[in-house]
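Summary of structural features
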Amino acid sequence: MIWSLYATLGYNMWYTEVPTVPFEDEAWKILVDKAIENGFNQIVLDLGEGVRYGSHPELAHPGAWTRERVREEVKALRERGIELIPKLNFSAGHDMWLGDYGKMIGLPKYYEVCRDLITEVYNLFDKPRYIHLGMDEEDDPQFFEQMELVTFRRGELLWHDLQYLCDCVRDTGSTPWIWGDIYWCYPDEFKKRIKAGKILLSPWYYRGLARENFTPLSSNPVYFEKFTSGKYKEFNLQYVEDDPFHESKFRERFIRTSVPAAEAGYDIVPCASVVFGNMKNPDEIVEYFMQNAPHKHLAGFMVAPWLSTEMKNIDEIIKNMEMLKFARDKFCK
C-alpha cells in the first residue's frame, strides 16, 4: 500500500504571494529521515514556483530547485525506498504559482504551458507512476471569499480542462492523481466523463467523523470566536462539525461519496491531517476506509500537514506523520 506524506517545495497556491520559496534544506532532511523512520514509502511534493523549469523558467522564485537538484533528490530518495511524486496544482483557486498563465484559463497559451510543465516534470522525476494535478476547492464559494481575484471553472469548461490535464499526464505514461472534490460535487457526471482505472482520487477530510470525536469550540480560541458570533450566534454550537453552513455539509458529502467512489471502481488514497487540531482524524480516516472501502481499490493513505518545509514547522509535520503511523499500526495489521 501507499503510505504517503504531502510536502511542500513551492508555496504560492493560496491567498498571498510568497516572494521566495519557503523551504529549508535542514527541515527537508529531517522530514525525509522521519518519513522513512515512520514507514512511509512515498512523498508527494508540491512544486509550484519551487522549480526552475526548463520550459518556463519565468515561473521560478528565488530559492527554487534546479533541474539537477530535482533529479538528485528523486534518485536519492528512491535509493532509500521513497517514491517522490510531483504535484502541480492546476485548480483555479490554487494556481498563483502559474503567474499570468493562471489568468489565461480557456486560452491556447494556457493549455500549452500546462502540457509543457507536465511533460517536463515527468522527465525530471524519472517517469513517476503518478503526477498529482491538485484540482481541489473549485467548488467552494467560502474559499473564494478570501481572494481578491476570483476565477473558477464550471460546466463544460471544467470537464474539458480536467480531461485535458489528465490526458497530458497519460500521454507521458503516468497516471493522473487529483483530490476528490470534483467527484464529490458531480459523482454521476464524473463517472460518465472519467473512466475508473485511469485516475487516482484522494478524498480528504480533517475533522471528526464520529460525533464522539467532533472538535469542541473550546479547543481553539479562533473556533470559539467564529462559531459563537455573527450568523452562528443563534445556533449555540458546541462542535465545529455542526456548522450548518459548511462543515456539516462537507462531512455529509465526504461520507456520501468517498467510499462509493471506490465501490464504483476508482482507486483511492484517502488523506488525513491534524492541521485543524483534531488528533483523532488519522485514526478515524484509516479505520473508516479499512472497514468500509473495497480493499482492491484502496491504494493507500496520505497525511497532509499543510505547512511549509521549514524548521519552524518541523515538529507539526512530524506529528502528522506519527499520527498516521499510529493509525496504520492499529488498523492495518
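The preceding data block contains the structure.
Residues numbered from 1 in each chain as written. Predicted model: local features only at pLDDT ≥ 70, side-chain atom pairs only at ≥ 80, totals over all residues. Heavy atoms only, no water.

Here the focus is the packing of aromatic side chains. Using the criterion set out here, one finds 31 aromatic pairs in the structure. Measuring from ring centre to ring centre gives 6.1 Å for Trp 159 and Phe 190, while their planes differ by 70°; the resulting arrangement is edge-to-face. Of this pair, Trp 159 sits in helix 5 (residues 155–172) while Phe 190 is found in helix 7 (residues 187–193), placing the two residues 31 residues apart along the sequence. Just as Trp 159 is buried, Phe 190 falls in that class too. Aromatic side chains Phe 190 and Tyr 266 sit 5.6 Å apart centroid to centroid with 70° between the ring planes, which places their arrangement in the edge-to-face category. On the criterion of sequence distance, the pair formed by Phe 190 in helix 7 and Tyr 266 in the loop between helix 9 (247–263) and strand 7 (267–268) is long-range, its members being 76 residues apart. The exposure class of Phe 190 is buried, given its relative accessible area of 0%. Among the residues examined, Tyr 266 registers a relative accessible area of 1% and is labelled buried. Among the aromatic side chains, those forming a connected cluster through ring pairs are Trp 184, Trp 204, Tyr 205, Tyr 206, Phe 250, Phe 254, Phe 276, Tyr 288 and Phe 289. The positively charged end of Lys 231 is found above the aromatic ring belonging to Phe 245, 4.5 Å away from the centroid. For Arg 328, the ring lying beneath its charged end belongs to Trp 3, and the centroid distance is 5.5 Å. (Phe/Tyr/Trp six-rings, centres within 6.5 Å; stacked < 30°, edge-to-face > 60°. Helix = DSSP H or I, 4+ residues; strand = E, 2+ residues; numbered from the N terminus. Buried < 20%, exposed > 50% of the residue type's maximum accessible area, 1.4 Å probe, protein only. Lys NZ or Arg CZ within 6 Å of the ring centre and 35° of its normal.)

This part covers the pattern of salt bridges. Oppositely charged side chains may form a pair once their charged atoms are brought near each other. One pass over the structure, following the stated rule, counts 27 salt bridges. Salt-bridge contacts for Asp 242 lead to Arg 211; the nearest nitrogen and oxygen are separated by 2.7 Å. Taken together, the residues Asp 242 in the loop between helix 8 (221–227) and helix 9 and Arg 211 in the loop between strand 6 (200–202) and helix 8 connect sequence positions 31 residues apart. Classification of Asp 242 as partly exposed rests on a relative accessible area of 25%. Owing to a relative accessible area of 47%, Arg 211 belongs among the partly exposed residues under this scheme. In this structure, the salt-bridge partner of Lys 319 is Glu 316, at a minimum N-O distance of 3.0 Å. (Salt bridge = Lys/Arg side-chain N within 4 Å of Asp/Glu carboxyl O.)

This part takes up the packing of helix 10 (residues 281–292) against helix 11 (residues 314–331). When two helices pack together, their arrangement is given by the angle between their axes and by how far apart the axes lie. The N-to-C vectors of helix 10 and helix 11 enclose an angle of 35°; their axes lie 8 Å apart at closest approach. For the crossing formed where helix 10 meets helix 11, the hand is right-handed. In contact with Pro 282, Asp 283, Val 286, Glu 287 and Met 290 of helix 10, helix 11 contributes Met 323, Leu 324, Phe 326, Ala 327, Lys 330 and Phe 331. Along the lines of polarity and charge, the residues of the contact of helix 10 with helix 11 split into 8 nonpolar, no polar and 3 charged. (Axes fitted to C-alpha atoms, helices over the stretch in contact; angles between N-to-C directions. Left-handed = near helix turned anticlockwise from the far one by under 90°. Contact = heavy atoms within 4.5 Å. Nonpolar A, V, L, I, M, F, W, Y, C, P; charged D, E, K, R; others polar.)

So, on to helix 9. For helix 9, which comprises 17 residues, the first-to-last C-alpha distance of 25 Å matches the rise-based estimate of 24 Å (1.5 Å per residue) to within 8%. Among all positions of helix 9, only Glu 247, Phe 250, Arg 253, Phe 254, Thr 257, Ser 258, Val 259, Ala 261 and Ala 262 are buried. On its buried face, helix 9 is in contact with helix 6 (181–185), helix 7, strand 6, strand 7 and helix 10. Remark: Gly 265 follows helix 9 within two positions and exhibits a positive phi of approximately 105°. (Expected span 1.5 Å × (residues − 1).)

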